[in-house]
Amino acid sequence: MKIKSFNVLPNLPENLKPLEEFATNMLFTWNWDAIKMFLSMDEELWDKSHRNPKWMIGAMPYSRLEALGRDPKFLSELAERKKEFDAYMNPKSTWFTRNAKPEDKDISVAYFSMEYGIGEGLPIYSGGLGMLSGDHLKSSSDLGLPVIGVGLLYKKGYVKQQLNRDNWQVEEYPVNDWYNMPVEVVNDASGNPLRVEVNLAGEIVKLGVWQVLVGRTSLYLLDTDIAENSNSARRITEQLYGGDRENRIRQEIVLGIGGPRALEAMGIHPSVYHVNEGHSAFLLLERIRHLMHSRGLSFKEAREVVWSSSVFTTHTPVIAGNEHFDFDLVRKYMEGCAYELGISIGEFLEIGKERPDSTSFCMTVLAIRLCAFLNGVSKLHGEVSRNMWHKIWPELPRYEIPILGITNGVHTPSWISHEHHDLYKKYLKAGPEGLPDDCDWNRIDKISDKEFWQVHMARKQKMVNIARQHLAAQHRRWGSDPTVIEEASKVLNPNYLTIGFARRFATYKRATLFMRDINRLMELVNDANMPVQFVFAGKAHQADTQGKEFIKAVAQLSMDKRFQNRIIFVEDYNMNVARYLVQGVDVWMNNPIRPLEASGTSGMKAVINGVLNLSILDGWWEEGYSPEVGWAIGGTAPYNTEAERDYAESNAIYNMIKKTVAPLYYNRNSEGLPEGWIKMMKNCVKTLVPQFNTNRMLREYYNTFYVKAHRAFRAFEDKERISSFAAWRKRLQDNWGRVKIAVDPLPDMEIRAGMKLPVSAVVWLGELSPEDVEVQIHVGHTVGQRAFTDGRTFVMKCEGRIGDGYVYKGEIDCENSGKCDYAVRVFGYHKDAHNALMPLFLKWNED
């Protein structure tokens, strides 16, 4: 039997046609007025659709649509939303148009990620990486930045979590019905579905392309589940992070090689490529291949263009968490690519090796070697990353390794409750561009304590309601006794201090740390005067047995009668549940093993809604914390053992809650308001929200990376300039073994703070000229006269020749008294090298 398909489109009355435009643009996910309009159409269907208006409209009876088409109130609302939508989509100006310099007006950035969390109705996300990627695109839209996203279209959506009667996580993977989701097939010039191809170990796999409108920008998703492909090829994009190692490399080839080909086929020509985590790093090789074929460049010339116009963001603070593939697997799938690049497979594998003796191909290393602009996702994570990857720059002091820290943010309009949004809009003098930029956050103090607290308590009640609904539904599925279901619908007390913990249940996040001492936990929860309740949610990766054990432990505790229904695990964590929790708890708790939380963003979402953080000083919280805005668990000094760490930090949690957090919460004035708590909430909002948002993050990427990468790409449109740059690299490579430095003795003089100390050296450069290098004095402090722990750099000038060498002279500014160490070094230098440290040509004096 051969089954065929056809697609039925909604039949909207003519005066409701604008709904089609709203339903197919994810802009509604951060527009409360639009969501209210959809809710008014059919609240039950809206919830059933997982907040997907395209599905809801398609499932709505035509009689209901006709009734809406005759409803003056709804038509007036629709007209207002249409006016608002058109104003957003066609603004008079944006941050980008106001701030871009003339030479940067044509910048175009392609942002590649394996997952995107834009809305529940588009379930192609798994965790924090996806939430960040989605927020990145939303803020790009708000700021008018020309950024587009590229990812994969997964047949099976975000895992649906259910707990069985043993409280063990069981996964379900709903199949996505793309024809009822806010995605559209991209067609070619002939009106047929666009196809591009990738070679997977000799099999030509065709890729379909889908478009998601995200406000003013677009996300393009690649799909192998099309009729032209074999069954095995169709399964490549079946599931996010699904399958074995072979399917993983196949997914990453589809994204990294297929992605740029899809953009080329659509006539989209980015000047900057942003590799968000190493999964998509093969795109750098595809860019090199394309430039070689389209512009007649050599491998080395094309590599320079790609390197100078590419950005890489690493998210993983442990080596094992970075993507590694066996050499045999890389050889199987990428030998043809190496051939097209004109290099041997051995040379290809070297690009992904951290050290000469590495036994696997690392996608992070590939990205580091082929991107000039590198960053971690917080200041601390930048430092951690420099320490992690220092072997790639073995002679460079770790603090000089060119991996910056650009701290993540969150998209404020997506995570703020509508009650808080209306409150802030009323008092903060929000302008037409809205939160978080176009308002005065210091005016938060103008809001009365009573009004501020009423809004918080309204959100808290909604959070309690959603927790009750999930727990009752869970018991109904189990077939529990009606009395148990009734009890489940009454858990939690909105007047009690409520602490939230919701995130991916990775073991390093230590979800069970709070229950390390059950007796102390019972004292907190059952305190007659200051009771504390906990709300947990989160999913473990399907292969993470230990993470599932953590879920089981917390869920079992929630059923322990000793805790009087004051510890609750909310099943099936997703974006919607996350919003209720970050908008409704009193305290957001985060206790990862420091420094394994690269950034963390859930706490940022909480502060938008006045929720206070109780957290380890890791990731973003090390930057955000002060005693006026929240609480720190432990410090920054390392522990001797894991047991010591967990003992100290669990006790810090118990002590902090009992002695500081709970007393502040329960200390009420004559009106029943916790004045001290509310003051802290306001401090939290006005201090942290303006900083920890993706608008700030995008502006930082733009000014620090995107503009420089764009200008380099445009500069290298001149083939002679590329050739000159590549020739400089070759001169360094050919002559670096001949570079030597002899440092003259310091003058025999008394050196005092404030003086300038002259330094001279003779440098032999082989066939290099002084224009090819920069000679520096590096001054600081060392460990055993071997490695600098800090330092300052002073450039030396070439003063002439002596025999085959060049005489260089410079001065050290002696700022402080005490012992100082110094050395002279030579770097390769070229005006077009935005990061002269990759590949590293560095020579220190040895005398």
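Since the structure is predicted, the reported quantities are computational estimates derived from the model, not experimental observations.

Participant: Describe the nonpolar core, and please don't skip the residues or the numbers.
Facilitator: Grouped together as the largest cluster of nonpolar side chains are 179 residues, with contacts concentrated most on Leu19, Phe282, Met334, Phe348, Trp393 and Tyr706. Per element, the largest residue contribution to this core is nine residues, and it comes from helix α28 (residues 694-715). Apart from the residues within four sequence positions on either side, Leu19 is in contact with Leu12, Met37, Phe38, Met41, Ile57, Phe74 and Leu78. Counting 100 residues, the second-largest nonpolar core is a separate cluster that includes Ala488, Ala511, Ile551 and Ile608.

Participant: Break down the environment of Cys814 for me, citing the residues and quoting the values.
Facilitator: Here Cys814 is to be found in the loop between β26 (805-813) and β27 (821-828). Spatially, the C-alpha atoms of Cys814 and Ile751 are 8.1 Å apart, while their sequence positions differ by 63 residues. With residues near it in sequence (within four places) discarded, Cys814 still touches Ile751, Arg752, Ala753, Gly754, Met755 and Leu757.

Participant: Report on the sheet that holds strand β17 (residues 567-570), specifying residues and quantitative values.
Facilitator: Sheet architecture is open: six strands sit in the order β17-β16-β15-β18-β19-β20, paired in parallel fashion. The open sheet has two edge strands, β17 and β20 (630-633), and neither has a second partner. Shown here is a sheet whose adjacent strand axes are inclined to one another by a mean of 20 degrees, direction ignored. Across four bridges, strand β18 (residues 587-590) lies against strand β19 (residues 612-616) in parallel orientation. By the bridge assignment, Met589 is partnered in β19 with Leu614.

Participant: For the sheet that holds β27, give the residues involved together with the corresponding values.
Facilitator: Pairing is antiparallel in the open sheet, where four strands are placed in the order β24-β23-β27-β28. Every other strand in the sheet has two partners, leaving β24 (787-795) and β28 (842-844) as the edge strands with one partner each. The sheet shows a mean angle of 35 degrees between the axes of neighbouring strands, direction not considered. Pairing analysis gives three bridges linking β27 to β28, with the strands arranged antiparallel. Paired with Val826 across the strands is Lys843, a residue of β28.

Participant: Lay out a nonpolar patch on the surface with the relevant residues and their values.
Facilitator: A grouping of Leu746, Met749, Ile751 and Tyr822 is seen on the molecular surface, where their side chains present a nonpolar patch of about 300 Å² in accessible area. Here Ile751 lies in the loop between β21 (740-743) and β22 (756-764). Its relative accessible area of 41% is what places Ile751 among the partly exposed residues.

Participant: Requested: an account of the pattern of salt bridges, with residues and values cited.
Facilitator: Taken as a whole, this structure holds 59 salt bridges when the rule is applied. Put simply, Asp33 and Arg81 hold a salt bridge, and the shortest N to O gap is 3.9 Å. On the criterion of sequence distance, the pair formed by Asp33 in helix α2 (residues 32-41) and Arg81 in helix α6 (residues 72-89) is long-range, its members being 48 residues apart. Two residues, Glu120 and Arg579, come together in a salt bridge whose shortest N-O distance is 2.6 Å. Note that Glu120 is positioned in the loop between β1 (109-112) and α8 (128-143) and Arg579 in helix α23 (residues 575-584), a separation of 459 residues in sequence.

Participant: Go over the state of the cysteines, please, and point to the residues and values.
Facilitator: Cysteine pairs can be linked by a disulfide, which is a covalent bond between their two sulfur atoms. What the rule picks out here adds up to zero disulfides. Summary of cysteine pairing: Cys337 is not part of a disulfide, and the nearest cysteine sulfur, belonging to Cys371, is at 15 Å. We classify Cys337 as buried; its relative accessible area is 12%.

Participant: How would you sum up the pairing of β26? Please name residues and give values.
Facilitator: Note: β22 against β26, eight bridges, orientation antiparallel. Directly across from Val762, in β26, lies its bridge partner Val807. Looking at chain direction, strand β25 (residues 797-802) and β26 are connected through five bridges and run antiparallel. Opposite Gly800, over in β26, you have Val807 as the bridge partner. Turn length for the β25-β26 hairpin, with the two strands adjacent in sequence and antiparallel, is two residues, and the turn residue Gly803 shows positive phi of about 65 degrees.

Participant: Pulling in residues and values, what's your account of a negative patch on the surface?
Facilitator: A cluster of acidic side chains, namely Glu395, Asp744, Glu846 and Asp847, defines a negative patch on the protein surface. Take Asp847: it is sitting in the segment after β28. Taking relative accessible area as the criterion, Asp847 reaches 58% and is therefore assigned exposed.

Participant: Tell me what's going on with α23, and back it up with residues and numbers.
Facilitator: By the criterion of burial, α23 is predominantly enclosed, with nine of the ten residues buried. When we look at burial in α23, the residues that qualify are Met575, Asn576, Val577, Ala578, Arg579, Leu581, Val582, Gln583 and Gly584. Measuring from the backbone nitrogen of Asn576 back to the side-chain oxygen at the start of α23 gives 3.0 Å, which picks out Asn574 as the cap.

Participant: Could you give an account of the pairing of strand β23 (residues 773-783), naming the residues involved and the relevant values?
Facilitator: Bridge analysis of β23 against β27 gives eight bridges, and the strand direction is antiparallel. Considered in β27, the bridge of Val779 is made with Tyr822. Bridge count for β23 against β24 is eight bridges, and the pairing is antiparallel. Bridge pairing in β24 links Ile777 to Phe794.

Rules and cut-offs
Residues numbered from 1 in each chain as written. Predicted model: local features only at pLDDT ≥ 70, side-chain atom pairs only at ≥ 80, totals over all residues. Heavy atoms only, no water. Core = buried A, V, L, I, M, F, W, Y, C linked by side-chain atoms within 4.5 Å. Buried < 20%, exposed > 50% of the residue type's maximum accessible area, 1.4 Å probe, protein only. Helix = DSSP H or I, 4+ residues; strand = E, 2+ residues; numbered from the N terminus. Contact = heavy atoms within 4.5 Å. Pairing = 2+ DSSP bridges. Axes fitted to C-alpha atoms, helices over the stretch in contact; angles between N-to-C directions. Patch = residues over 30% accessible without salt bridge, like charges linked within 9 Å, V, L, I, M, F, W, Y side chains within 5 Å. Areas by Shrake-Rupley, 256 points an atom, 1.4 Å probe, with all protein chains shown as cover. Salt bridge = Lys/Arg side-chain N within 4 Å of Asp/Glu carboxyl O. Disulfide = S-S within 2.5 Å. Lys, Arg positive; Asp, Glu negative; His and termini not counted. Charge placed at Lys NZ, Arg CZ, Asp CG, Glu CD. Polar contact = N/O pair within 3.5 Å; in protein donor to acceptor, adjacent residues only side chain to side chain.

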